[in-house]
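Residue-level structure breakdown
Listed below are the residues making up each chain.
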Amino acid sequence: MLNDADLDLAVKAAVAGRYQNSGQVCAAAKRFILEEGIAERFIARFVAAAAALKQGDPRAEESELGPMARADLRDELHQQVQATMAEGAQLLLGGKMPSGAGNFYPATVLTNVTPEMTAFREELFGPVAAITVAKSAEQALTLANCSDFGLSATLFYRR
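Bear in mind that the values here come from a model prediction, so they are computed numbers and not experimental data. (Residues numbered from 1 in each chain as written. Predicted model: local features only at pLDDT ≥ 70, side-chain atom pairs only at ≥ 80, totals over all residues. Heavy atoms only, no water.)

Focus on the overall build of the protein chain
Inclusion rule: The way it works is that DSSP assigns letters per residue, a run of H or I at least four long becomes a helix, a run of E at least two long becomes a strand, and they are numbered from the N terminus. Restricting the calculation to C-alpha atoms gives the radius of gyration, and the globule rule supplies 2.2 Å times the number of residues raised to the power 0.38. With a 1.4 Å probe rolled over the protein chains alone, any residue whose accessible area is under 20% of its type maximum counts as buried; one over 50% counts as exposed, and the rest are partly exposed. Any pair of residues with heavy atoms lying within 4.5 Å of one another is described as a contacting pair. Residue exposure ignores everything except the shown protein chains as possible cover, and the areas themselves are Shrake-Rupley values with a 1.4 Å probe. Residues counted as positive are Lys and Arg, residues counted as negative are Asp and Glu, and His and the chain ends are not counted. One atom stands in for each charge, and that atom is NZ of Lys, CZ of Arg, CG of Asp or CD of Glu.
A count of helices and strands for the protein chain gives 5 helices and 4 strands. Listing every helix and strand of the protein chain by position from the N terminus yields α-β-α-α-β-β-α-β-α. The globule rule puts the C-alpha radius of gyration for 159 residues at 15 Å, and the 15 Å found for the protein chain is close to it. Across the 159 residues of the protein chain, 43% fall into the buried class. The long-range share in the protein chain, meaning contacts at least 24 apart out of those at least 6 apart in sequence, stands at 67%. Carbon and sulfur atoms form 52% of the exposed surface of the protein chain, whose accessible area is close to 8,500 Å². Charged side chains in the protein chain number 15 positive and 19 negative. The centres of these two groups are separated by 3 Å.

Spelled out as structure tokens, the structure:
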């Protein structure tokens, strides 16, 4: 996301793109690469929107974030979050294994994620967003291409 992006549109699309189907979509947004001039504002709005998601039974109309498909997938996702934090990322939201019935995992946001970290290198198949800040549009492009995955990408900017 570049500095001149429509912030309201970008946050709305990013939250939908990351947390739809509890983040269990192969082409879902996983990594958010932000140009430094927009990063602080985007992160604050993104975290607030993710925190407002209502987790619960996916059959209930008010639920926006359901459970994960299987317990082993939730456990693996939690291990990826823990590994990324141990590697130096900052946890802004979620990241705690919930108790109780169901394979629920909270909307989670990691920031200060670098290309060497687990959340940047591996697919996060669940409701976890990994945020990386770039110093320039050129660095953002380099970071976007620094992955073994190439399923999809979206660029927010104005002309």
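As for the pairing of strand 4 (residues 128–134)
Just so we agree on the cut-off: Pairing between strands is defined by DSSP: at least two bridges between them are needed.
Burial analysis of strand 4 places 6 of its 7 residues in the buried class, the great majority of the element. Of the pairings in the sheet, the one linking strand 1 (residues 31–35) to strand 4 comprises 5 bridges and is parallel in character. The partner of Ile33 across the bridge, within strand 4, is Thr132.

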